[in-house]
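Structural description and commentary
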Amino acid sequence: MVSVTRAVFGDLPSGAGTVEKFQLQSDLLKVDIISWGCTITALEVKDRQGRASDVVLGFAELEGYLQKQPYFGAVVGRVANRIAKGTFTVDGKEYKLAINNGPNSLHGGVKGFDKAQPPALQQICDAGKTLVQWWRGADALAPFQDPFCSSSDCNGHRGPRVKGQKPWTWERERRTSQRLDQEVVWTPQVLSNGVQFSRVSPDGEEGYPGELKVWVTYTLDGGELTVNYRAQASRTTPVNLTNHSYFNLAGQGSPNIYDHEVTIEADAFLPVDETLIPTGEVAPVQGTAFDLRRPVELGKHLQDFRIQGFDHNFCLKGSKDKHFCARPTSLLCC
């Protein structure tokens, strides 16, 4: 049995809107997700003794996420990781992206998906760039149709039911003084066992070609949290979405993760240059610091190889079936 609750997490500056928190809870796991960047703010799990601990890094209040911080718990895109010199070529055309990490473009650019915000539950419709603003009461959202309406008059577009009012009421407003395609908006939908966020990344956002419709769905089943990413592009464009959570399995308040044991079932990795861009070589892990095929204690391993950490791609074995890829373990939590 999974419960889903929603609450106000905080208000954006200058009356720009409200950020909500969605809490998914089962007997084994509890996770908090906010509508700012689809961000996981807390993940509470039980160890072998049944003690619950929050094992992800984050902030207790919205203000922390609005400041410069290392993408704590957020969905990053359109492209997670770096694009060399912020330049790529598709179908013979060169595209230039925003530069935000040395000479490169990182995690979607200056205003990536992690900064996508949900002011007033706004919904951008494709047709005529009309803004549909849904007003909701205290009750949960009722089901609604595909949020990416293509109708010229939005007649097929349903919003959340408002208690005490006529079903499917909304206010429509045309923007003339501001381009809607400069706004970044996530729209939440409560599910029976989770929450789904959706948005439209307009053509040209941060330099990327084509309009991109994106759905990110968090669902909970017992002790398993699943994150599903789906995207639909109007043109050929690079897409590489991920969640950027930082974990400390010893729980909140633990000083570091050097006591953790790490295993990654990868026979090869990608060496990088001084700006952390892969060189193009696919190198075997055998005999290197990147051989994590057997459990290693992280702190001792880093000292033995005299490296500070890992910011590399590991090449996992391809398979259509579910199989072991990686396992972190905290010796303190169990």
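Residues numbered from 1 in each chain as written. Predicted model: local features only at pLDDT ≥ 70, side-chain atom pairs only at ≥ 80, totals over all residues. Heavy atoms only, no water.

Counting residues in hydrophobic clusters, the biggest one holds 23 residues, and the most contacted among them are I33, W186, F197 and Y218. Contributions of two or more residues to this core are made by β2 (18–25), β3 (29–34), β4 (39–46), β15 (194–201) and β16 (212–221). No other element matches the five residues that β16 contributes to this core. By size, the runner-up hydrophobic cluster in this structure holds 12 residues, among which are F269, A283, V296 and L298. (Core = buried A, V, L, I, M, F, W, Y, C linked by side-chain atoms within 4.5 Å. Buried < 20%, exposed > 50% of the residue type's maximum accessible area, 1.4 Å probe, protein only. Helix = DSSP H or I, 4+ residues; strand = E, 2+ residues; numbered from the N terminus.)

So, about the packing of aromatic side chains. Aromatic ring pairs are defined here through the distance separating the ring centres and the angle between the ring planes. In the structure shown here, the tally under the stated rule is 13 aromatic pairs. When the centroid spacing of 6.3 Å and the interplanar angle of 85 degrees are considered together, the rings of F197 and Y218 count as edge-to-face. Linking F197 in strand β15 with Y218 in strand β16, this pair joins segments that are 21 residues apart in sequence. By the burial criterion, F197 is buried, and Y218 matches it. Joined through ring pairs, the aromatic side chains of F9, F59, Y65, F72 and Y246 make up one cluster. Over the ring of W186 we find R199, and its NZ or CZ is 5.9 Å from the ring centre. Above the plane of the ring of W215 lies R230, whose end atom (NZ or CZ) is 3.9 Å from the centre. (Phe/Tyr/Trp six-rings, centres within 6.5 Å; stacked < 30°, edge-to-face > 60°. Lys NZ or Arg CZ within 6 Å of the ring centre and 35° of its normal.)

Bringing the pairing of strand β20 (residues 266–270) into the picture now. Counting buried positions over the five residues of β20 gives four, a clear majority of the element. Inspection of the sheet shows β20 paired to strand β23 (residues 313–316) by four bridges, in the antiparallel sense. Bridge pairing in β23 links A266 to L316. Where β20 lies against strand β21 (residues 283–284), two bridges are found, and the strand directions are antiparallel. Its bridge partner lying in β21, F269 is registered against A283. (Pairing = 2+ DSSP bridges.)

Taking strand neighbours across the sheet as the criterion, the three strands line up as β21-β20-β23 in an open arrangement whose pairing is antiparallel. If you trace the sheet from one side to the other, it starts and ends with β21 and β23, each paired once.

The full count for this structure, using the stated rule, is 14 salt bridges. Measuring nitrogen to oxygen at the nearest pair gives 2.9 Å for the salt bridge that ties K115 to D114. On the basis of relative accessibility, which here comes to 28%, the residue K115 falls in the partly exposed class. The class of D114 is buried, set by a relative accessible area of 7%. Here D267 and K317 are joined by a salt bridge, their closest N and O atoms 3.9 Å apart. Taken as a pair, D267 in strand β20 and K317 in the loop between β23 and β24 (326–329) lie far apart in primary sequence, 50 residues in all. The network of salt bridges with shared partners includes E265, D267, D291, R293 and K317. (Salt bridge = Lys/Arg side-chain N within 4 Å of Asp/Glu carboxyl O.)

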